[in-house]
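Residues per chain, in single letters:
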Amino acid sequence: ANLLEVPQEQVTKWEVKVQLTREQACMDRAEMRSRLREQLKEGFKASASHVLDLQIVYAVVDMAGEQCDGVVVRRAQAAASSATALFDVLLTFSERSATINPTTLLQQPGV
């Protein structure tokens, strides 16, 4: 809140579970967080008003038995997987009157 110069009341914490592709599950964790941060931010923007920023503060990946040894990236990019990631995110709004449509949020890809 201080960094973005908004009141603390305009920051909310969410727990979001995302279904990962094989590529996402097997990539470096920092790169995965960076890519999924943008995906989550766009998902929240599509379902909420006045979204200013989204930050991932914690992430846990459940590989659900997925193996990354020998993964050929070209083949793995869009391949489905059973791996998931659970994120704690801080969502910052530019206005106190911000609203979120949970139904629209749950319809976002991967969420």
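The following refers to the structure shown. Because the structure is a prediction, the values reported are computed rather than measured.

**Regarding the packing of aromatic side chains**
In step 1: Applying the stated criterion to the full structure yields one aromatic pair.
In step 2: On the numbers, 5.4 Å between centres and 70° between planes, the contact of Trp14 with Phe44 is edge-to-face. Taken as a pair, Trp14 in strand S1 (residues 11-21) and Phe44 in helix H2 (residues 29-47) lie far apart in primary sequence, 30 residues in all.
In step 3: Note on Phe44: relative accessible area 1%, which makes it buried.

**Observations regarding the state of the cysteines**
In step 1: Going through the model one piece at a time under the given rule, you end up with one disulfide.
In step 2: Between Cys26 and Cys68 runs a disulfide, and the two sulfur atoms are separated by 2.1 Å. The chirality of the disulfide connecting Cys26 with Cys68 is left-handed, given an S-S dihedral of about -85°. Of the two residues, Cys26 is situated in helix H1 (residues 22-26) and Cys68 in the loop between strand S2 (51-62) and helix H3 (73-76); the sequence distance between them amounts to 42 residues.
In step 3: Looking at Cys26, the relative accessible area reads 26%, which means it is partly exposed.

**Concerning a nonpolar patch on the surface**
In step 1: Together, Val57, Tyr58, Val60 and Leu86 make up a nonpolar patch on the protein surface, roughly 330 Å² of accessible area in all.
In step 2: Among the secondary structure elements, Tyr58 is positioned in strand S2.

**Observations regarding the pairing of strand S3 (residues 80-93)**
In step 1: In terms of burial, S3 is largely enclosed, as ten of its 14 residues are buried.
In step 2: Examined bridge by bridge, S2 and S3 share ten bridges and lie antiparallel to one another. Looking at S3, one finds that Leu54 is bridged to Leu91.

**Some points on the side chain of Glu66**
In step 1: When you line up the elements, Glu66 lands in the loop between S2 and H3.
In step 2: A polar side-chain atom of Glu66 sits 3.0 Å from the main-chain amide nitrogen of Ser82.
In step 3: Excluding its chain neighbours within four sequence positions, the residues that come into contact with Glu66 are Arg22, Ser81, Ser82 and Ala83.

**Details of the sheet that holds S2**
In step 1: If you walk across this open sheet you meet the three strands as S1-S3-S2, and the pairing is antiparallel. Both edges of this open sheet fall to S1 and S2, since each of them pairs with a single strand only. For this sheet the average axis-to-axis angle between neighbouring strands, irrespective of direction, equals 25°.
In step 2: Of the pairings in the sheet, the one linking S1 to S3 comprises ten bridges and is antiparallel in character. Bridged to Trp14 within S3 is Val89.
In step 3: Against the sheet, H2 makes contact with S1, S2 and S3, and its axis sits at roughly 135° relative to S2, the strand it touches most.

Parameters at a glance
- Residues numbered from 1 in each chain as written.
- Predicted model: local features only at pLDDT ≥ 70, side-chain atom pairs only at ≥ 80, totals over all residues.
- Heavy atoms only, no water.
- Phe/Tyr/Trp six-rings, centres within 6.5 Å; stacked < 30°, edge-to-face > 60°.
- Helix = DSSP H or I, 4+ residues; strand = E, 2+ residues; numbered from the N terminus.
- Buried < 20%, exposed > 50% of the residue type's maximum accessible area, 1.4 Å probe, protein only.
- Disulfide = S-S within 2.5 Å.
- Patch = residues over 30% accessible without salt bridge, like charges linked within 9 Å, V, L, I, M, F, W, Y side chains within 5 Å.
- Areas by Shrake-Rupley, 256 points an atom, 1.4 Å probe, with all protein chains shown as cover.
- Salt bridge = Lys/Arg side-chain N within 4 Å of Asp/Glu carboxyl O.
- Pairing = 2+ DSSP bridges.
- Polar contact = N/O pair within 3.5 Å; in protein donor to acceptor, adjacent residues only side chain to side chain.
- Contact = heavy atoms within 4.5 Å.
- Axes fitted to C-alpha atoms, helices over the stretch in contact; angles between N-to-C directions.

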